[in-house]
Each structure stands twice: as C-alpha cells, then as structure tokens.
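# Understanding the architecture of this molecule
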Amino acid sequence: MTIQQMEYIVALDKHRQFVKAAEACGVSQSTLSMMIKKLEEELDTIIFDREARPMKPTAAGEKIISQAKVVLFHAEQLKEITVSERLQAGG
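Residues numbered from 1 in each chain as written. Predicted model: local features only at pLDDT ≥ 70, side-chain atom pairs only at ≥ 80, totals over all residues. Heavy atoms only, no water.

Direction vectors running N to C along helix α1 (residues 3-15) and helix α2 (residues 18-25) enclose 130°, while the axes themselves pass 8 Å from each other. Put simply, α1 runs oblique to α2. Handedness of the crossing formed by α1 with α2: right-handed. Along the contact surface, α1 presents E7, Y8, A11, L12 and H15, while α2 presents F18, K20, A21, A24 and C25. Among the residues making up the contact of α1 with α2, the classes are represented as seven nonpolar, one polar and two charged. (Axes fitted to C-alpha atoms, helices over the stretch in contact; angles between N-to-C directions. Helix = DSSP H or I, 4+ residues; strand = E, 2+ residues; numbered from the N terminus. Parallel < 35°, antiparallel > 145°, perpendicular 65-115°, else oblique. Left-handed = near helix turned anticlockwise from the far one by under 90°. Contact = heavy atoms within 4.5 Å. Nonpolar A, V, L, I, M, F, W, Y, C, P; charged D, E, K, R; others polar.)

So, in structure tokens, the structure goes:
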C-alpha cells in the first residue's frame, strides 16, 4: 500500500469517475485503474462498486477511504514539519 494509491482512491471517491480522477492525479486512466486494482488485491477487498452509476465506494471502501484521508493528512503534516525545520535552521 502506497501513499500514491491512497491519493488515487481519495480522488476516485471525490470525482466518482476514473477519467476525471486520473486527470486530477495527473496520470492515465489505465494507470489509476491498475493501481487501485492492485490495492484492492493487496487488501483482498473491493473498494469501489464499479457497477453503480455514478461509481461509489463499497461499505468497506468507505472505511478504507476515510482512513486514507487521515494518513494523507498526516503525511502532509510531515512534509510541513520538515520545511519548517529547514527554514528555522536557515537552510
């Protein structure tokens, strides 16, 4: 599981379409789809109901996406801490 995969599932949840989510992430639709599929295989859980129109997360997917948002928030905080520390050190 990677930060990138978490960004992809959050984007797909937001846009509810592979094409729009891929555009938002700056990748091809096939890349986004493949990476999400790999995450689902790794977790052995279907995150998105691809039959629904518009596409929506499964019940398990909603929990996974919610936690991914928390992880992404904390990852961003780590980046901000490092920038702040660098600035305080004069670098």
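So, about the side chain of D13. Here D13 lies in helix α1. Classification of D13 as buried rests on a relative accessible area of 14%. Excluding residues that lie within four positions of it along the chain, D13 makes contacts with F48, P57, I65 and K69. (Buried < 20%, exposed > 50% of the residue type's maximum accessible area, 1.4 Å probe, protein only.)

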